[in-house]
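Structural characterization, general
These are the residues of each chain, in order.
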Amino acid sequence: MSLAHDAHVTVRPTAAVQGSKLRGWPEIDNPAAWTVAAILLIMPLIANGFFLIEIFATALILGIMALSLMFLAGYGGMVSLMQLTIAGFAAYMVAVFGVSGNANISLGWPWWLAVPMALALATIFGTLGGALAVRTEGIYTIMITLAIGAAFYYFTNQNWAIFNGHTGINTVATPHFWGVNWRADIPYYYIVLAVAALCYFAVDYISRAPFGLALQGVRDNPRRMAALGFHVNAHRVAAYAFASFVAALAGVLQVWNYGQISPGSVSVAACIDILIIAVVGGITRPIGPFIGALIFVLLRTFALDFLVKLGLDGNRFRLLIGLGFLAIVFWSSDGVIGLWQNWRQRQRSGAASSSGRRGRGSGQGSGQGSGQGSGQGSSHG
């Protein structure tokens, strides 16, 4: 039985399995995709620094984290709640190996050494956690990954020698090369956008590649795949390794964004937020996590002011997030992507039914006219 079904997360067959195209990049004849890409590219021209970084760049970073979860859950049937923990681990490693305001902790390596080391260690950390999680199924996978996230949070909160306890590590240095400060708003936005695009296309391509198709087969029927000669656990662990690398990239971008990392960034509540983002956007397509992340960031940023204007406590902004999450999940098991697909199907079915009625009407009219004409001709004869 599918692990995702055991975890009560509905996962439908992907387009890579249903469609005729099993490989290749996403379709490039979609006008909506080109429109979104053009808007993202010119965003620095139409948005100020606040919207550019706090809204769009932050949404892209959270979308990358949720994308790693979507890859595991959507294509592998494994719901992991430690993706934010892996990202936080990478952020901590950047601060520990790189340059920061805590000279007694940071080793002072240049960024081009600290970042690859952080990515490698975070990928190993996530792979080891995945190797432990694949030995379980369903809700137990969720609980083990959540336990790893909780254990890491309490460890960073209590460890002072490496992670500086609850204070965290502050003033983490960001890259400066080619005469450009890459933490400036516009350069940093384009770095985040480039990494998000690479991760999106990588996930989409792997889902169509032989490994991705085999992983989806493992998701749907692991016993049959094992009987065909596939190593089920090896595919699952490899999926965790790839997803861990994606989450680690988001962790590096996050620590560059805020210039600090603390235990609050890897709390249990934040781990669950990544799951909410992935489910709200849609857990069957790579674009879903980015849609969910944008919705989450907008609600988190503006819901507080909205509640205050209504005379309510602004600290209850998570209530709106929770209500929105419940509403979307209630109406669509595939999140916003599912709502959009259902709406398009209704539009197409309505257009098809109306064209069918017109066709039947024209057929009846032509039949009546021809019958009348032939009748008149025979009477004259």
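Residues numbered from 1 in each chain as written. Predicted model: local features only at pLDDT ≥ 70, side-chain atom pairs only at ≥ 80, totals over all residues. Heavy atoms only, no water.

Concerning the pattern of salt bridges
Counted according to the given criterion, the structure contains three salt bridges. Between Asp 204 and Arg 208 there is a salt bridge; the shortest N-O distance is 2.9 Å. Of this pair, Asp 204 and Arg 208 both sit in helix H9 (residues 185-208), four residues apart, which is roughly one turn of that helix. Across the pair, Arg 208 and Asp 204 agree in class, each one buried. Across the pair Asp 220 and Arg 219 runs a salt bridge, and its minimum N-O distance is 2.8 Å. Asp 220 gets classed as partly exposed once you look at its relative accessible area, which sits at 43%. Note on Arg 219: relative accessible area 2%, which makes it buried. (Salt bridge = Lys/Arg side-chain N within 4 Å of Asp/Glu carboxyl O. Helix = DSSP H or I, 4+ residues; strand = E, 2+ residues; numbered from the N terminus. Buried < 20%, exposed > 50% of the residue type's maximum accessible area, 1.4 Å probe, protein only.)

Side note on unusual backbone geometry
Located in the positive-phi region is Asn 164, a residue other than glycine, with phi close to 60°. Looking at the secondary structure, you find Asn 164 in the loop between helix H8 (139-158) and strand E1 (176-177). Positive phi outside glycine occurs at Thr 171, with the angle close to 55°. Assignment of secondary structure puts Thr 171 in the loop between H8 and E1. Among the residues examined, Thr 171 registers a relative accessible area of 58% and is labelled exposed.

Topic: the packing of aromatic side chains
According to the stated counting rule, one finds 21 aromatic pairs in the structure shown. A centroid spacing of 5.9 Å and a plane angle of 55° characterise the contact between Phe 89 and Phe 152, whose relative ring orientation is tilted. Taken together, the positions of Phe 89 in helix H6 (residues 83-97) and Phe 152 in helix H8 put the pair 63 residues apart, joining distant regions of the chain. When sorted by exposure, Phe 89 lands in the same class as Phe 152, which is buried. Between the aromatic rings of Trp 178 and Trp 182, the centroid separation amounts to 6.5 Å while the plane-to-plane angle is 70°, which identifies the pairing as edge-to-face. Chaining the aromatic ring pairs together yields one cluster made of Phe 89, Tyr 92, Phe 125, Phe 152, Phe 155 and Phe 163. Residue placement shows Arg 183 over the ring face of Tyr 188; its charged tip is 4.6 Å from the ring centre. (Phe/Tyr/Trp six-rings, centres within 6.5 Å; stacked < 30°, edge-to-face > 60°. Lys NZ or Arg CZ within 6 Å of the ring centre and 35° of its normal.)

A few points about the packing of H6 against helix H12 (residues 232-258)
As a packed pair, H6 and H12 sit with axes 7 Å apart at the nearest point and diverge in direction by 50°. Accordingly, the angle class assigned to the pair H6 and H12 is oblique. Along this stretch, H6 crosses H12, giving a crossing that reads as right-handed. Here H6 contributes Gln 83, Ile 86, Ala 87, Ala 90, Ala 91 and Val 94 to the contact with H12, which in turn contributes Ala 243, Ser 244, Ala 247, Ala 248, Gly 251, Val 252, Val 255 and Trp 256. Of the residues contributing to the contact of H6 with H12, the split by class is eleven nonpolar, three polar and no charged. (Axes fitted to C-alpha atoms, helices over the stretch in contact; angles between N-to-C directions. Parallel < 35°, antiparallel > 145°, perpendicular 65-115°, else oblique. Left-handed = near helix turned anticlockwise from the far one by under 90°. Contact = heavy atoms within 4.5 Å. Nonpolar A, V, L, I, M, F, W, Y, C, P; charged D, E, K, R; others polar.)

Notes on the nonpolar core
When a protein is soluble and globular, its nonpolar side chains tend to lie buried together. Judged by nonpolar contacts, the single largest core of 90 residues is most densely connected at Ile 64 and Phe 71. Not counting the four nearest positions on each side in its chain, Phe 71 is found in contact with Gly 76, Val 203, Ile 206, Phe 211, Leu 215, Ala 239, Phe 242 and Ala 243. (Core = buried A, V, L, I, M, F, W, Y, C linked by side-chain atoms within 4.5 Å.)

Some points on helix H7 (residues 111-133)
An α-helix turns once every 3.6 residues. As a result, residues three or four positions apart point the same way. With 23 residues, H7 should reach 33 Å at 1.5 Å per residue; the first-to-last C-alpha distance of 32 Å fits that figure. Of the positions making up H7, those classed as buried are Ala 114, Val 115, Ala 118, Leu 119, Ala 122, Thr 123, Gly 126, Gly 129, Gly 130 and Ala 133. (Expected span 1.5 Å × (residues − 1).)

Some remarks on the packing of H7 against H8
One can describe the packing of H7 onto H8 by two numbers: an axis separation of 9 Å at closest approach and a directional angle of 145°. In this structure, the crossing between H7 and H8 has a hand that is right-handed. Taken together, the residues of H8 that come into contact with H7 (itself represented by Phe 125, Gly 129, Leu 132 and Ala 133) are Thr 141, Ile 144, Thr 145 and Ile 148. When grouped by side-chain class, the residues that make up the contact of H7 with H8 number five nonpolar, three polar and no charged.

A word on a nonpolar patch on the surface
On the surface, Ile 39, Leu 41, Ile 42, Leu 45, Ile 46, Ile 186 and Tyr 190 cluster together into a nonpolar patch covering about 700 Å² of accessible area. Looking at the nonpolar patch, the elements that each hand over two or more residues are helix H3 (31-41), helix H4 (43-46) and H9. By the secondary structure assignment, Ile 186 is in helix H9. (Patch = residues over 30% accessible without salt bridge, like charges linked within 9 Å, V, L, I, M, F, W, Y side chains within 5 Å. Areas by Shrake-Rupley, 256 points an atom, 1.4 Å probe, with all protein chains shown as cover.)

Some words on the environment of Ala 131
Here Ala 131 shows up in helix H7. Among the residues examined, Ala 131 registers a relative accessible area of 28% and is labelled partly exposed. Sequence-wise, Ala 131 and Ala 241 are 110 residues apart; in three dimensions their C-alpha atoms are separated by 9.3 Å.

A few points about the side chain of His 235
Here His 235 shows up in helix H12. For His 235, a relative accessible area of 16% puts it in the buried group. Discounting chain neighbours no more than four positions away, the residues touching His 235 are Phe 211, Ala 214, Leu 215, Val 218 and Phe 230.

Concerning H6
Between its first and last C-alpha, H6 extends 21 Å over 15 residues, near the 21 Å set by a 1.5 Å rise per residue. H6 sits mainly inside the fold: 15 of its 15 residues count as buried.

Quick look at the environment of Ser 332
Mapping Ser 332 onto the fold places it in the loop between helix H15 (317-331) and helix H16 (335-380). The class of Ser 332 is buried, set by a relative accessible area of 6%. In the structure, Ser 332 is positioned ten residues away from Asn 342 in sequence and 8.6 Å away in space, judged by C-alpha atoms.

So, the confidence of the model for the protein chain
Chain-level statistics for the protein chain give a pLDDT mean of 84 and a share of 85% at 70 or above. Throughout residues 1-25 the model reports pLDDT below 50, and contacts reaching past four residues in sequence, or to other chains, amount to 59 contacts. Across residues 377-381, confidence stays below pLDDT 50; counting only partners more than four residues off in sequence or on other chains, it has zero contacts. (pLDDT = per-residue confidence, 0-100.)

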